[in-house]
Amino acid sequence: MTLAGRPTGYAIASIWTAVLVVSTAHILRGQETPVVARLALDGWAAVRALAPIGAPLDRLGPVNDVLKQLDPLLKDPAAATIRAGLAAAQEERDEMAVYLAHARDLSAQISLTGEVARLPLPIDELEGELWLEVDHFAAARDAFQRATRVSGGRRGWIGLGRALDRLRDTAGACDAYRTARSTVLSASDAQEAEAYVRQC
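Quick summary incoming for the structure in this document. (Residues numbered from 1 in each chain as written. Predicted model: local features only at pLDDT ≥ 70, side-chain atom pairs only at ≥ 80, totals over all residues. Heavy atoms only, no water.)

### Side note on the packing of aromatic side chains
- Within the structure shown, the criterion is met by one aromatic pair.
- Centre to centre, the rings of tyrosine 177 and tyrosine 196 are 4.6 Å apart; their planes meet at 25 degrees, and the pair counts as stacked. Taken together, the residues tyrosine 177 in helix 9 (residues 170-180) and tyrosine 196 in helix 10 (residues 187-197) connect sequence positions 19 residues apart. Assigned by exposure class, tyrosine 177 and tyrosine 196 land together as buried. (Phe/Tyr/Trp six-rings, centres within 6.5 Å; stacked < 30°, edge-to-face > 60°. Helix = DSSP H or I, 4+ residues; strand = E, 2+ residues; numbered from the N terminus. Buried < 20%, exposed > 50% of the residue type's maximum accessible area, 1.4 Å probe, protein only.)

Structure, rendered in structure tokens:
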């Protein structure tokens, strides 16, 4: 199903509940993993590129192309994360939350089989990024805090710093950015962390 005529509210919740029930009976098979991983990254990049312009319907082609390929593979949560990103770009917060919950549930189901969910980002980092985008800063903070506990990677600490700054918790943001500097940062993240810490 493409996004041009997407359902909302209860209909979406019903669709994803049905998908979860069906998909858990057919958990991700090893030979599908490279395909899902590639599609997940391609779809996530496409949907994040639409965020600054509000994801207009006439620009959804690349996203819908990926979703058409992922829909038969909805035993993996990659499609749900891409749909969550598109919902965020369109300021559909409730819809985004449904997709994020579905992605998290499917990831948990997959982990029970000993497999690893093929997501474009770790689920907590991805969730934090999207909540930050739609200005739900407390939810973003909570997600990034989970990310720092799970992996301790740069995206979790940088995201936590951003969320705490937006919540006016300057001391907490300073601590997060200081910790981020001890991780391997991209050039832009390093510049952001250094600039923030200088003001602490």
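### Considering the environment of alanine 139
- Here alanine 139 shows up in helix 7 (residues 137-150).
- Residues alanine 139 and glutamate 127 lie 12 residues apart in sequence; the distance between their C-alpha atoms is 8.6 Å.

### Some remarks on helix 10
- Among the residues making up helix 10, those that are buried are Asp189, Ala193, Tyr196 and Val197. For helix 10, the buried positions fall inside an angular range of 95 degrees around the axis, keeping them on one side. Exposed and oriented more than 90 degrees from the buried face of helix 10 are Ala187 and Gln191.
- Of the surrounding elements, those touching the buried residues of helix 10 are helix 8 (154-166) and helix 9. (Arc of directions from axis to C-beta. Contact = heavy atoms within 4.5 Å.)

### Points about unusual backbone geometry
- Of note in this structure, glutamate 91 is not a glycine but carries a positive phi near 60 degrees.
- Mapped onto the elements, glutamate 91 comes out in the loop between helix 4 (78-89) and helix 5 (93-112).
- The phi angle at arginine 168 is positive, at roughly 65 degrees, despite the residue not being glycine.
- Residue classification places arginine 168 among the exposed positions, given a relative accessible area of 76%.

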